[in-house]
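Single-letter residue listing:
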Amino acid sequence: MCLAIPAEVTALLPDEMARVTLDGVSKEVSIALVEDVAVGDYVVVHVGYALSKIDPEEARQTLALLAEAAALVDVSP
């Protein structure tokens with residue numbers, strides 16, 4: 001199963017790259033597939049590529065659902 005996750009753009013970099021942050025973790029991703037990306041935008045990221053921009057409220061709701069799902073995972077042996 002593949003999963004694309006919303007992340008906030010925190011910096012635009014050379015060569016169609018950007019730095020995004022998700023839950024305090026920063027990562028450089030390609031923004032070559034998305035037009036008019038700006039700092040503060042949310043993008044859907046999959047394997048190092050931003051695939052599309054996403055509405056900030058939708059991004060927050062999606063991230064909240066993912067956090068809720070992660071809290072349900074039983075990690076006991």
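The coordinates are above.
Residues numbered from 1 in each chain as written. Predicted model: local features only at pLDDT ≥ 70, side-chain atom pairs only at ≥ 80, totals over all residues. Heavy atoms only, no water.

A few words now on the pattern of salt bridges. Applying the stated criterion to the full structure yields three salt bridges. With a shortest N-O distance of 3.8 Å, Glu57 and Arg60 are connected by a salt bridge. Taken as a pair, Glu57 and Arg60 lie in helix α1 (residues 56–72) at a separation of three residues, close to a single helical turn. Relative accessible area serves as the criterion here: at 41%, Glu57 is assigned to the partly exposed category. Since its relative accessible area comes to 44%, Arg60 is described here as partly exposed. (Salt bridge = Lys/Arg side-chain N within 4 Å of Asp/Glu carboxyl O. Helix = DSSP H or I, 4+ residues; strand = E, 2+ residues; numbered from the N terminus. Buried < 20%, exposed > 50% of the residue type's maximum accessible area, 1.4 Å probe, protein only.)

Let us look at the pairing of strand β2 (residues 17–22). Two strands pair when backbone bridges link them, and strand β1 (residues 5–13) and β2 are joined in this way by five bridges, in the antiparallel orientation. Paired with Leu12 across the two strands is Ala18, which belongs to β2. Once β1 ends, the chain turns through three residues before running back antiparallel as β2, passing Asp15 with a positive phi of about 60°. (Pairing = 2+ DSSP bridges.)

Attention now goes to the nonpolar core. Nonpolar side chains tend toward joint burial in soluble globular proteins. The biggest cluster of nonpolar side chains holds eleven residues, and these are Ala7, Val9, Ala18, Val20, Val29, Ile31, Val34, Val37, Val43, Val45 and Ala50. At the level of secondary structure, the elements contributing two or more residues to this core comprise β1, β2 and β4 (42–46). (Core = buried A, V, L, I, M, F, W, Y, C linked by side-chain atoms within 4.5 Å.)

Here the focus is the environment of Val45. As for its position among the elements, Val45 is in strand β4. Between the C-alpha atom of Val45 and that of Ala7, which follows or precedes it by 38 residues, the distance is 6.8 Å.

This next bit is on the pairing of β4. In terms of burial, β4 is largely enclosed, as four of its five residues are buried. Sheet analysis places β1 next to β4, joined by four bridges and oriented antiparallel. Directly across from Pro6, in β4, lies its bridge partner Val44. In this structure, β4 lies alongside strand β5 (residues 49–54), joined through five bridges in antiparallel fashion. Looking at β5, one finds that Tyr42 is bridged to Ile54. Between the antiparallel neighbours β4 and β5 lie two residues, among them Val47 with a positive phi of about 40°.

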